[in-house]
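Coordinate inspection notes
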Amino acid sequence: MAGVNMSEFYSAVCADHDLEINPHVEEVLKKTTVTGRVTIKLPGNIRWRNVQRLDDDDVLALSKCLRSNKSVTGLDVRYNNITDKGVGHLAGLLQDDSSSLRSLDLVFNDIRGDGTEVLAKSLQSNSALLSLRLSNNKIERRGAMHLASMLQVNSTLRELELADCDLDAQGVIALAVALRSNETLVSVDLSRALLFSLQEEWAVHVSEMLAVNGGLLELHLGKMGMSDAGMERLSAGLRLNGSLRYLDLRCNRVTRDGVRHLAELLKLSRTLEVVDLSFNRIEDEGAGYLSEGVAWPGCVLRELSVSSNHMGTEGLLSLAQAVRASTTLSHLYIWGNRLEEPVCQVFAEMIASGRLPPDRTDVSAYEVDGRTFLAEAFPGLRRRRFGADGDSSPSEASICCRDQTCELNNHLKRLYRRLEVTSVSEGQLKVNSRFKMSYLTRWFITSEDLNRVT
């Protein structure tokens, strides 16, 4: 395709196969430079302008274009109308021996078991793809079984995202069994599986997998309905694990009894650096256990989220003391708990002193009538750390999105100047005391938000 614009080639493919040209695809391809490594971004959820979402015919035309262009190493087609038929076209592309695609994002499409089967079979012989994201596609047990079979053969894939895929216990167990022998994957997301058994058999298999797997760095188990018994089993496997660095346990049913096992694990682990416990119910007593583990000499934990855990003054103050005692913990997220004035004063002091910088917590301090309060701030625990998206340079489409975002932010800044704004910066807006507010961050699109959209 040397010397030929990608949009022109796309138009020619559509004409050859009697397909309708998608204006959104055509516009993005016009702005895509074919030199170097590039990711084509075609999400269907762009909020500031209407776009025609991709269907199976659009995927057929795209796959034909990509067969002739080895500069494209990433394809982002989230939030579109791609079905099993469209996945079949992508599977043909992945089976090509000369395929250069390193990342494929299919989040929020209409892919089911049949499409997952075709995709999994194509990955058994593929040695290029590093990242596969299938979250929010209802692949269910059948899709999980085919992906588990693929993982027993594939030795290239490094990131697999299967959140909100309606996996059942058998599907989760099959994937856990496959991961016992696969040490190539570094990031796995199994969040929000549909698990109804009170015995939590899946936790036993995940624990056994963690005891022998030496490659996994990041594991997401949010919204799994995990109880204290499941937490105990998981901790037993993690005691024998020497690689995991990020553990996501948000939105489960872990209480003070379950977090006690995690606290003991933190005293022993020399790899676990990030733990997300937000939206559980550890309360003050659980916070005390965590504080003991965090402050323990040798604990390597760097980031901890305990947002919305029904903690009060006693628990939050013990965590604040643990932060001061710890030599490694630098990020702490506490919003959604009972933030009474003693807690507000202590955290305001830590933020002001630099022990807990504003970009490393989810609260910000302000004063009203001589009293200190904490407001919610946008920065939160970053969910993706060790996945492999493949190397890619920013596309022209991304630049276009940034321009439109800047325009929106400028409009909002002009609006708030009419409200006697005293100082403005991206993601943080300070207003005078007339309005009794400290930050109005939620009205601005930050660079982190932009990355999620683009």
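So, how was this worked out
Residues numbered from 1 in each chain as written. Predicted model: local features only at pLDDT ≥ 70, side-chain atom pairs only at ≥ 80, totals over all residues. Heavy atoms only, no water. Helix = DSSP H or I, 4+ residues; strand = E, 2+ residues; numbered from the N terminus. Contact = heavy atoms within 4.5 Å. Salt bridge = Lys/Arg side-chain N within 4 Å of Asp/Glu carboxyl O. Buried < 20%, exposed > 50% of the residue type's maximum accessible area, 1.4 Å probe, protein only. Phe/Tyr/Trp six-rings, centres within 6.5 Å; stacked < 30°, edge-to-face > 60°. Expected span 1.5 Å × (residues − 1). Axes fitted to C-alpha atoms, helices over the stretch in contact; angles between N-to-C directions. Parallel < 35°, antiparallel > 145°, perpendicular 65-115°, else oblique. Nonpolar A, V, L, I, M, F, W, Y, C, P; charged D, E, K, R; others polar. Pairing = 2+ DSSP bridges. Right-handed = clockwise from strand over helix to strand, strands pointing away. pLDDT = per-residue confidence, 0-100. Polar contact = N/O pair within 3.5 Å; in protein donor to acceptor, adjacent residues only side chain to side chain.

**Here's the deal with the environment of Gly115**
Looking at the element boundaries, Gly115 is found in helix α5 (residues 113-123). Those residues in contact with Gly115, other than ones at most four positions away along the chain, are Asp84 and Val87.

**Thoughts on the pattern of salt bridges**
Taken as a whole and judged by the stated rule, the model has 26 salt bridges. A salt bridge links Glu292 to Lys267, with the nearest nitrogen and oxygen atoms 2.8 Å apart. Linking Glu292 in helix α11 (residues 283-295) with Lys267 in helix α10 (residues 256-268), this pair joins segments that are 25 residues apart in sequence. Judged by relative accessible area, Lys267 falls into the buried class, the value being 9%. As a salt-bridge pair, Glu341 and Arg371 come within 3.5 Å of each other at their nearest N and O atoms. Linking Glu341 in helix α13 (residues 341-353) with Arg371 in strand β13 (residues 371-376), this pair joins segments that are 30 residues apart in sequence. Residue class for Glu341 comes out partly exposed when judged on its relative accessible area of 28%.

**With respect to the packing of aromatic side chains**
Evaluation of the coordinates by the stated rule reveals two aromatic pairs. On the numbers, 4.9 Å between centres and 20° between planes, the contact of Tyr79 with Phe108 is stacked. Here Tyr79 is found in the loop between β2 (72-76) and α4 (84-95), whereas its partner Phe108 is found in the loop between β3 (103-105) and α5, with 29 residues between them in sequence. Accessibility expressed as a relative area gives 26% for Tyr79, which makes it partly exposed. Seen from their ring centres, Tyr366 and Phe373 are 5.8 Å apart, and the 25° between their planes marks the pair as stacked. Overall, the relative accessible area of 23% leaves Tyr366 in the partly exposed class.

**Considerations on α4**
The terminal C-alpha atoms of α4 lie 16 Å apart, and with twelve residues this matches the ideal 16 Å at 1.5 Å per residue to within 8%. Within α4 the residues assigned to the buried category are Gly86, Val87, His89, Leu90, Ala91, Gly92, Leu93 and Leu94. Where the residues of α4 are buried, they touch α3 (56-67), β2, β3 and α5.

**Notes on the packing of helix α7 (residues 169-179) against helix α8 (residues 201-212)**
How two helices pack is summed up by the angle between their axes together with the distance between the axes. At a closest axis distance of 8 Å, the pairing of α7 and α8 adopts a crossing angle of 10°. Looking at the two axes, α7 sits roughly parallel to α8. From α7, Val172, Ile173, Ala176, Val177 and Leu179 reach across to α8, where they touch Glu201, Trp202, His205, Val206 and Met209. A class-by-class count of the residues in the contact of α7 with α8 yields eight nonpolar, one polar and one charged.

**Considering the pairing of strand β1 (residues 38-41)**
Looking down a regular strand, the side chains alternate between one sheet face and the other. Where β1 lies against β2, four bridges are found, and the strand directions are parallel. Looking at β2, one finds that Ile40 is bridged to Leu75. Between β1 and its parallel partner β2, the chain crosses via α3, and the hand of that crossover is right-handed.

**With respect to unusual backbone geometry**
Positive phi is not limited to glycine here, since Glu283 has a value of about 60°. Among the structural elements, Glu283 can be located in helix α11. One non-glycine residue, His310, lies in the positive phi region at around 60°. Of note, His310 is situated in the loop between β10 (303-305) and α12 (313-325).

**Points about the sheet that holds strand β4 (residues 131-133)**
A sheet is described by the order of its strands in space; here eleven strands give the open sequence β1-β2-β3-β4-β5-β6-β7-β8-β9-β10-β11, paired in parallel fashion. At either end of the open sheet lies a strand with only one pairing partner, and these are β1 and β11 (331-333). For this sheet, the mean angle separating the axes of adjacent strands, direction not counted, is 5°.

**A short note on the confidence of the model for the chain**
Summarising the model, the chain shows a mean pLDDT of 86, and 84% of its residues fall at 70 or more. Here residues 389-407 scores under 50 on pLDDT; set against residues more than four positions off or in separate chains, the count is 37 contacts. Across residues 418-454, where pLDDT falls below 50, the model places 68 contacts with residues more than four positions away in sequence or in other chains.

**With respect to the side chain of Asp189**
Relative to the elements of secondary structure, Asp189 occurs in strand β6 (residues 187-189). A relative accessible area of 2% places Asp189 in the buried class. Side-chain polar atoms of Asp189 contact the side chain of Ser191, separated by 2.8 Å. Setting aside residues up to four positions removed in sequence, Asp189 forms contacts with Leu160, Glu161, Leu162, Ala163, His220, Arg383 and Arg384.

**Overview of the pairing of β13**
Inspection of the sheet shows strand β12 (residues 363-368) paired to β13 by six bridges, in the antiparallel sense. Each bridged residue has a counterpart across the sheet, and for Val368 the counterpart in β13 is Arg371. Hairpin connection between β12 and β13: a loop of two residues separates the two successive antiparallel strands, and Asp369 in this loop has a positive phi of roughly 55°.

**What to know about the side chain of Asp362**
In this fold, Asp362 is placed in the loop between α13 and β12. Of the polar contacts made by the side chain of Asp362, one reaches the side chain of Ser307; its length is 3.1 Å. Ignoring sequence-local partners within four residues, the contact set of Asp362 consists of Ser307, Leu332, Tyr333, Ile334, Trp335, Ala375, Glu376, Ala377 and Pro379.

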